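Read off the chains here:
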2 protein chains.
Amino acid sequence: MAGKSVSAERCDCEVIHEDVVNSVRTKMPEEETLYDLAELFKVFGDSTRIRILWALDEAEMCVCDIAYLLNMTQSAISHQLRVLKQAKLVRNRKEGKVVYYSLDDEHVRMIFDQGLVHINEDR
Amino acid sequence: MAGKSVSAERCDCEVIHEDVVNSVRTKMPEEETLYDLAELFKVFGDSTRIRILWALDEAEMCVCDIAYLLNMTQSAISHQLRVLKQAKLVRNRKEGKVVYYSLDDEHVRMIFDQGLVHINEDR
DNA sequence: TAAACATATGAGCGACTATTCATATGTACT
DNA sequence: AGTACATATGAATAGTCGCTCATATGTTTA
């Protein structure tokens, strides 16, 4: 509580550029916003889901199509589609027994493209 | 091996829009590219790392600054900075004992912004 | 109604990962 | 050389996650 113990409990250092830190702190978005952002990228952070999204960007497909395309179990695909739907990245349409999935966000492709730019940068 | 077993082993369905699947298949990027893309987004998929990147987008900071800003252990931050560096998202500069980190990619902000657009879309 | 089939879902398992704790490395100062 | 300090790192742990397997749901057709 007194003198130098400004640095709280977590940070075990002494020298701090407090002006910089305070300046940055005021510019940071809300904690919750950054948390939501991380949650969104977590969804992109799996190659199965990336492949599904990429495929759906090309054409609307049913669960079975996707499973066949990616050579994976129908169950595995279905589970992942649920994740993607919760993240509001895909929508579905029912036609008899068959459920067709498609992209629900035109920004997905832009985000992917930006990611590709980064990947291709360092080669 | 005969007749209907076109659908391989993984996909346990029968009805498939093979034309669509084949068309999509030709348009899909290489497996490795999508894998790398997922790896990149995996790095973004953690709120600690997102916060670090956002902070560094505002100003260059030393490890201790970041730990103080985010109220986290120096060790935890250091571990995450290593991940970010391996992903070529941050670079560092040494000045005596202190190591300053900064963003190593101007696309990060654009990717974040696109992500925010998605998040804010459905409210 | 019964069989066939596309899809969804819950439980369980193995793999991965973020943090903590202890300690090592490297630099500055006395 | 020795102390102080900023940072890095390895091991251990707790929590998360993707897939599989079994099964449920819902729709079509006979």
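Up top is the structure these notes are about.
Given the structure is predicted, the values throughout are model-derived calculations rather than measurements.

Q: Please explain the interface of chain A and chain B as it appears in this structure.
A: At the interface, 72 residues of chain A touch 72 residues of chain B. For the pairing of chain A and chain B, the buried interface totals around 6,200 Å² over both sides, and the portion due to carbon and sulfur atoms is 68%. Counting the contacts that link chain A with chain B gives two salt bridges. Elements supplying a minimum of two residues to the side of chain A that touches chain B: α1 (18-27), α2 (31-44), α3 (47-58), β1 (61-62), α4 (63-70) and α6 (107-121) of chain A. Here the residues of the side of chain A that touches chain B sort into 39 nonpolar, twelve polar and 21 charged.

Q: In this structure, what is going on with the sheet that holds strand β3 (residues 98-103) of chain A? I would like to understand it.
A: Strands in a sheet are paired, the pairing made by backbone hydrogen bonds, and the direction either parallel or antiparallel. All names here are of chain A. In space, the three strands of this open sheet follow the order β1-β3-β2, with antiparallel pairing throughout. Two strands lie at the open edges of the sheet, namely β1 and β2 (90-95), each paired on one side alone. Along the sheet face, α3 touches β1, β2 and β3 and points at about 90 degrees away from the line of β3.

Q: Is there a simple way to think about the pattern of salt bridges in this case?
A: Pairing between side chains becomes possible if they bear opposite charge and their charged atoms approach one another. Applying the stated criterion to the full structure yields 14 salt bridges over all chains. Across the salt bridge formed by R91 of chain B and D104 of chain B, the nearest N and O atoms sit 2.6 Å from each other. In this pair, R91 of chain B sits in strand β2 (residues 90-95) while D104 of chain B sits in the loop between β3 (98-103) and α6 (108-121), placing the two residues 13 residues apart along the sequence. With relative accessibility at 44%, the residue R91 of chain B sits in the partly exposed group. Because the salt bridges share partners, they merge into one network encompassing D57, R109 and D113 of chain A.

Q: I'm lost on the sheet that holds strand β1 (residues 61-62) of chain B in this one. Help?
A: Residues and elements named next belong to chain B. Reading across the sheet, the three strands line up as β1-β3-β2 and stay open at both edges, with antiparallel pairing between neighbours. The open sheet is flanked by β1 and β2, the only strands paired with a single partner. As paired elements, β1 and β3 share two bridges and run antiparallel to each other. Looking at β3, one finds that M61 is bridged to Y101. On top of the sheet, helix α3 (residues 47-58) reaches β1, β2 and β3; it is set at about 90 degrees to β3, its chief contact.

Q: Help me understand the environment of V24 of chain B, please; the structure alone is not making it clear to me.
A: Examined against the element boundaries, V24 of chain B turns out to sit in helix α1 (residues 18-27). The class for V24 of chain B is buried, based on a relative accessible area of 1%. If we skip the residues at most four places from it in the chain, V24 of chain B touches A55, E58, A59, M61 and L69 of chain A.

Q: It is not clear to me how the packing of aromatic side chains should be interpreted in this structure. Could you clarify?
A: What characterises a pair of aromatic rings is the spacing of the ring centres plus the angle enclosed by the ring planes. This model, assessed by the stated rule, comprises eleven aromatic pairs over all chains. Residues F41 of chain A and F44 of chain A carry aromatic rings whose centres are separated by 6.4 Å and whose planes lie at 50 degrees to one another, so their mutual orientation is tilted. You can see F41 of chain A and its partner F44 of chain A sitting in helix α2, three residues apart, about one turn around the helix. Put simply, the rings of F41, F44, W54 and F112 of chain A together with F41, F44, W54 and F112 of chain B touch in pairs and so form one group of aromatic residues. Geometry around Y68 of chain B places R25 of chain A over its ring, the cationic atom sitting 5.7 Å from the centre.

Q: Whenever I open this one, the relation of the copies chain A and chain B confuses me. Can you help?
A: Mapping one chain copy onto the other needs a rotation about an axis and a shift along that axis. Overlaying chain A with chain B gives an RMSD of 0.1 Å, the required rotation being 180 degrees about an axis along which the chain moves by 0.0 Å. Seen this way, the second copy is the image of the first under a two-fold rotation axis. A symmetric contact is evident, with 100% of the interface residues of chain A recurring at the interface of chain B.

Q: Help me out: how do you make sense of the pairing of β2 of chain B in this one?
A: Regular strands show a simple pattern: their side chains alternate between the two faces of the sheet. Residues and elements named next belong to chain B. The pairing of β2 with β3 spans six bridges and is antiparallel. The partner of K94 across the bridge, within β3, is V99. A loop of two residues connects β2 with β3, the two strands running antiparallel in sequence, and G96 in this loop sits at a positive phi of about 70 degrees.

Calculation rules
- Residues numbered from 1 in each chain as written.
- Chains lettered and ligands numbered in written order.
- Predicted model: local features only at pLDDT ≥ 70, side-chain atom pairs only at ≥ 80, totals over all residues.
- Heavy atoms only, no water.
- Contact = heavy atoms within 4.5 Å.
- Buried area = accessible area lost by both parts, 1.4 Å probe.
- Salt bridge = Lys/Arg side-chain N within 4 Å of Asp/Glu carboxyl O.
- Helix = DSSP H or I, 4+ residues; strand = E, 2+ residues; numbered from the N terminus.
- Nonpolar A, V, L, I, M, F, W, Y, C, P; charged D, E, K, R; others polar.
- Pairing = 2+ DSSP bridges.
- Axes fitted to C-alpha atoms, helices over the stretch in contact; angles between N-to-C directions.
- Buried < 20%, exposed > 50% of the residue type's maximum accessible area, 1.4 Å probe, protein only.
- Phe/Tyr/Trp six-rings, centres within 6.5 Å; stacked < 30°, edge-to-face > 60°.
- Lys NZ or Arg CZ within 6 Å of the ring centre and 35° of its normal.
- Least-squares fit on C-alpha atoms with pLDDT ≥ 70 in both.

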